[in-house]
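Residues per chain, in single letters:
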Amino acid sequence: MSYQKRTALALAAALAGPVVLMAAPAAHADVVDVNYKCETPIGPKAAVSPIDIRAVKSGSAYKLTMSFQKGVSSSPVALGAGAMNPSAVIRLGGPDKGTVAVSGPANTAEIPANSPIKISDLSGTYTPKASGKVTFTASILTIKALGTTTTCTPGNSPGPSLALDVTGTGASAPESLPKTGPLDSAVALGTLGGTVLLSGAAGVLWLTRRGARAHG
């Protein structure tokens, strides 16, 4: 191979490297220990489980998967297949606020009595409303089994399990108030219905006077 060809190939490889790295999604995930404090039908229990949260982009949204590496509670009686149903919420941080609900399938095998309850992977959909680096942190876990509900709350203020650079869809812009004139008083009254409720007698009086002027 000639010197010119080797030089061209080396230059192409050097230029291609950064392009591949730049195309990779900007996400950072950690396995975080969460110390769950559970209120069960037989009293309080506590357990630490490493939590992993992953995200896969799907159109303008992301599919989130929350994984538990250890059981967080137990039952004094055996739980037959399909007897336990888990769900949880993931708390958002950064430019986006609120929570994302995630849930998973019931247990496929019997869970022996007094043994850790292994939680299946929980999944849900997150649609960004704001842009920037959003964090995802494990929050309340709920376990329903045999007609009872166990609520587990993180007691150690865990850090985020995932940080993701997102582009928000944005909130829809509020509609402008209609121009008020003799021909559109019905539209104005419908639009200002909330204002009447909030303003009380003052709002009603304003509309009454305005109606008198329109008919004067």
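Residues numbered from 1 in each chain as written. Predicted model: local features only at pLDDT ≥ 70, side-chain atom pairs only at ≥ 80, totals over all residues. Heavy atoms only, no water.

K.L.:
Could you give an account of the pattern of salt bridges, naming the residues involved and the relevant values?
P.N.:
This structure, assessed with the given rule, holds two salt bridges. Its salt-bridge partner being Asp-52, residue Arg-54 comes within 2.7 Å of it at the nearest N-O pair. Taking relative accessible area as the criterion, Asp-52 reaches 15% and is therefore assigned buried. Between Lys-133 and Asp-165 there is a salt bridge, with the nearest N and O atoms lying 3.4 Å from each other. (Salt bridge = Lys/Arg side-chain N within 4 Å of Asp/Glu carboxyl O. Buried < 20%, exposed > 50% of the residue type's maximum accessible area, 1.4 Å probe, protein only.)

K.L.:
I'd love a proper account of the nonpolar core, names of residues and values included.
P.N.:
Membership of the largest hydrophobic core comes to 33 residues, with the highest contact counts inside it found for Tyr-36, Met-66, Phe-68, Ile-119, Tyr-126, Phe-136 and Leu-141. Only β2 (32-40), β3 (43-58), β4 (61-68), β5 (84-93), β6 (99-103), β7 (122-126), β8 (132-145) and β10 (162-166) provide two or more residues apiece to this core. Per element, the largest residue contribution to this core is six residues, and it comes from β8. Beyond its immediate sequence surroundings of up to four residues, Ile-119 is in contact with Phe-68, Val-72, Met-84, Pro-86, Leu-141 and Ile-143. (Core = buried A, V, L, I, M, F, W, Y, C linked by side-chain atoms within 4.5 Å. Helix = DSSP H or I, 4+ residues; strand = E, 2+ residues; numbered from the N terminus. Contact = heavy atoms within 4.5 Å.)

K.L.:
Break down the confidence of the model for the protein for me, with residues and values.
P.N.:
In this model, the protein carries an average pLDDT of 74, and 65% of its residues clear a pLDDT of 70 or more. Per-element averaging of pLDDT across the protein places helix α2 (residues 185-191) at the bottom with 31 and β6 at the top with 98. Per-residue pLDDT stays below 50 along residues 5-26; that stretch engages in five contacts with residues further than four places along the chain or on separate chains. Note that residues 172-215 has pLDDT below 50 and, in this model, 16 contacts with residues that lie over four places away or in other chains. (pLDDT = per-residue confidence, 0-100.)

K.L.:
Tell me about the packing of aromatic side chains, residues and numbers included.
P.N.:
In this structure the tally under the stated criterion is three aromatic pairs. Ring geometry for Tyr-126 and Phe-136: centres 5.2 Å apart, planes at 85°, overall edge-to-face. Taken together, the positions of Tyr-126 in strand β7 and Phe-136 in strand β8 put the pair 10 residues apart, joining distant regions of the chain. In this structure, Lys-57 packs its charged tip against the face of Tyr-62, placed 5.5 Å from the ring centre. (Phe/Tyr/Trp six-rings, centres within 6.5 Å; stacked < 30°, edge-to-face > 60°. Lys NZ or Arg CZ within 6 Å of the ring centre and 35° of its normal.)

K.L.:
Summarise the pairing of β3; cite the residues concerned and give the values.
P.N.:
Sheet analysis places β2 next to β3, joined by nine bridges and oriented antiparallel. Across the sheet, Tyr-36 pairs through a bridge with Ala-47, a residue of β3. In sequence, β3 turns back onto β4 through a hairpin of two residues, with Gly-59 there showing a positive phi of about 65°. (Pairing = 2+ DSSP bridges.)

K.L.:
Got a sec to walk through the state of the cysteines? Specific residues and values, please.
P.N.:
Inspection of the entire model under this criterion finds one disulfide. With its sulfur 2.1 Å from that of its partner, Cys-38 forms a disulfide with Cys-152. Its S-S torsion of about 110° marks the bond between Cys-38 and Cys-152 as right-handed, since a negative value means left-handed. Here Cys-152 lies in strand β9 (residues 148-154) and Cys-38 lies in strand β2, a separation of 114 residues in the sequence. Accessibility classification places Cys-38 together with Cys-152 in one group, the buried group. (Disulfide = S-S within 2.5 Å.)

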